[in-house]
Amino acid sequence: SNLHGQGAVWFYSPLSKKWKTISPSGFKIINAVLVERNGLIYAAGISSKTQKANIVRYVNGKWQDTGLPTGVVNIDELVVDKYNTIYASGLDYHAHIWKLIASKWVMSKLGTQQAINSMQLADDGTIYVAGKDEDFRGQVWHYDGKLWTKMNFPLADSATSLTLNSHHQLFASGIDKQNNSQVWMCDLT
């Protein structure tokens, strides 16, 4: 947010060594920013007017609405795959993933999960998400471009954050059933 309580996007210029705001108007908060492979900037946040989620794209110095469905109440993360497809994780009545195909947002059904807390994209295009499943237990899923599959995550209250390393290892943080913070590692090879 900026100093006036509005969602803000800032751009750093290495030449001038200064930050410049390129913020879209009408946002209460900006939750995620993404630069896709062609250099277009996307910002996801909450509209001040509707209190619902919105995703906009920065083209030729202007922000354009991308047409996110109106029932979406929050978008937490944006990622782009090797084909330049944009994915957004968020909530309507359940947690879902949407992908932008031919200028239209299409829901990619993950199931009846209750929360998506983190989303990562592997070099091979596989998407990994962490969150809570329909039984409010921590879970990690992967998406191969066609199907979402649970990854046999250890019994935990939550899976809150994901990261991948160059050795094809996926790390998930969360809270175990004894209410302790944990980091789990999965070898993807």
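My aim in this report is to walk through the structure given alongside it, one point at a time. Counting restarts for each chain, with residues numbered from 1 along the sequence as it is written. Where totals are concerned, whole chains, interfaces and linings use all residues; where local detail is concerned, this predicted model gives features only for residues with pLDDT of at least 70, and gives and counts side-chain atom pairs only at 80 or more. Water and hydrogen atoms play no part in the side-chain values, which are based on all heavy atoms of the structure.

### Some thoughts on the overall build of the protein chain
Secondary structure elements follow DSSP: runs of H or I no shorter than four residues count as helices, runs of E no shorter than two count as strands, and numbering proceeds from the N terminus. Of the regular secondary structure elements, the protein chain holds zero helices and 17 strands. Within these notes, the globule rule equals 2.2 Å times the number of residues to the 0.38 power, and the radius of gyration is based on C-alpha atoms. Compactness check: the protein chain gives a C-alpha radius of gyration of 17 Å against a globular reference of 16 Å for 189 residues, within 12% of the reference. Across its three principal directions, the C-alpha atoms of the protein chain cover 45 × 35 × 35 Å. Counting only residues that meet the buried cut, the protein chain has 43% of its 189 residues in that class. Whether two residues are in contact is decided by their heavy atoms, any of which lying within 4.5 Å being enough. Expressed as a percentage of contacts within the protein chain between residues at least 6 apart in sequence, the contacts between residues at least 24 apart total 25%. Under the scheme applied here, a residue whose accessible area is under 20% of the maximum for its type counts as buried, over 50% as exposed, and between as partly exposed, the area being computed with a 1.4 Å probe on protein chains only.

### Structural notes on a nonpolar patch on the surface
A contiguous nonpolar patch, built from Trp-10, Tyr-12 and Trp-19 and spanning about 390 Å² of accessible area, is present on the exposed surface. Secondary-structure assignment places Trp-19 in strand E2 (residues 18–21). Each patch is built from residues lacking any salt bridge and having more than 30% relative accessible area; the joining distance is 9 Å for like charges and 5 Å for nonpolar side chains (Val, Leu, Ile, Met, Phe, Trp, Tyr). Per-residue and other accessible areas were derived by the Shrake-Rupley procedure at a 1.4 Å probe size, with only the shown protein chains allowed to occlude residues. We count a salt bridge whenever a side-chain nitrogen from Lys or Arg sits within 4 Å of a carboxyl oxygen from Asp or Glu.

### Brief notes about the nonpolar core
To qualify as a nonpolar core, a set must consist of buried Ala, Val, Leu, Ile, Met, Phe, Trp, Tyr and Cys residues joined through side-chain atoms within 4.5 Å. Residues Tyr-42, Ile-55, Leu-68, Ile-75, Leu-78, Ile-86 and Trp-105 are the most contacted members of the largest nonpolar core, which totals 16 residues. Sorting the residues of this core by element identifies strand E3 (27–35), strand E4 (41–47), strand E5 (53–59), strand E7 (74–80), strand E8 (86–91) and strand E9 (95–101) as the ones contributing at least two each. For this core, the element with the highest residue contribution is E7, accounting for three residues. The contacts of Leu-68, once residues within four sequence positions are left out, are Ala-53, Asn-54, Ile-55, Ile-75 and Trp-105.

### Comments concerning the sheet that holds E7
Whenever strands of a sheet pair, they do so through backbone hydrogen bonds, lying parallel or antiparallel. Being paired, for any two strands, means DSSP has found at least two bridges between them. Strand order in the open sheet formed by four strands is E7-E8-E9-E10, and the pairing between neighbours is antiparallel. What marks the edges here is a single partner per strand, and that holds for E7 and strand E10 (104–108). Between one strand axis and the next, the sheet turns through 30° on average, direction left out of account. In the sheet, E9 pairs with E10 via five bridges, with the strands oriented antiparallel. With axes taken as lines fitted to C-alpha atoms, and helix axes fitted only over the stretch in contact, angles between N-to-C directions fall between 0 and 180 degrees.

### A closer look at the packing of aromatic side chains
Between 30 and 60 degrees the pair is tilted, below 30 it is stacked and above 60 it is edge-to-face, where a pair is any two Phe, Tyr or Trp rings, Trp via its six-membered ring, whose centres lie within 6.5 Å. Per the counting criterion, the structure on display carries four aromatic pairs. For the ring pair Tyr-143 and Trp-148, a centre distance of 4.6 Å and an interplane angle of 25° mean the geometry is stacked. Pair check on accessibility: Tyr-143 and Trp-148 agree, each one buried. Plain terms: the ring middles of Phe-153 and Trp-184 are 4.8 Å apart, the flat faces sit at 70° to each other, and that makes the pair edge-to-face. In this pair, Phe-153 sits in the loop between strand E14 (148–150) and strand E15 (156–164) while Trp-184 sits in strand E17 (residues 181–187), placing the two residues 31 residues apart along the sequence. For Trp-184, a relative accessible area of 17% translates into the label buried.

### Concerning the side chain of Thr-126
Checked against the element boundaries, Thr-126 lands in the loop between strand E11 (115–121) and strand E12 (127–132). According to the relative accessible area criterion, Thr-126 is buried, its value standing at 13%.

### Points about the pairing of E4
Among the seven residues that make up E4, seven are buried, leaving the element largely enclosed by the rest of the structure. As paired strands, E3 and E4 are joined by seven bridges and run antiparallel to one another. The partner of Ile-29 across the bridge, within E4, is Ile-46. Counting the residues that bridge the hairpin from E3 to E4 gives five residues, and of these Gly-39 lies at a positive phi of roughly 95°. Taken together, the six bridges between E4 and E5 define a ladder with antiparallel strand orientation.

### Looking at the sheet that holds strand E6 (residues 62–65)
Taken together, the four strands give an open sheet; going across it, the order is E3-E4-E5-E6, and neighbouring strands pair in antiparallel fashion. Single-partner strands in this sheet number two, and they are E3 and E6. Averaged over all adjacent pairs, the angle separating strand axes in this sheet is 30°, with direction ignored.

### Quick notes on unusual backbone geometry
Even without being a glycine, Gln-51 presents a positive backbone phi close to 60°. Within the secondary structure layout, Gln-51 lies in the loop between E4 and E5. The partly exposed category is assigned to Gln-51, whose relative accessible area is 39%. Of note, Asn-84 is a non-glycine position whose phi angle comes to about 70°, a positive value.

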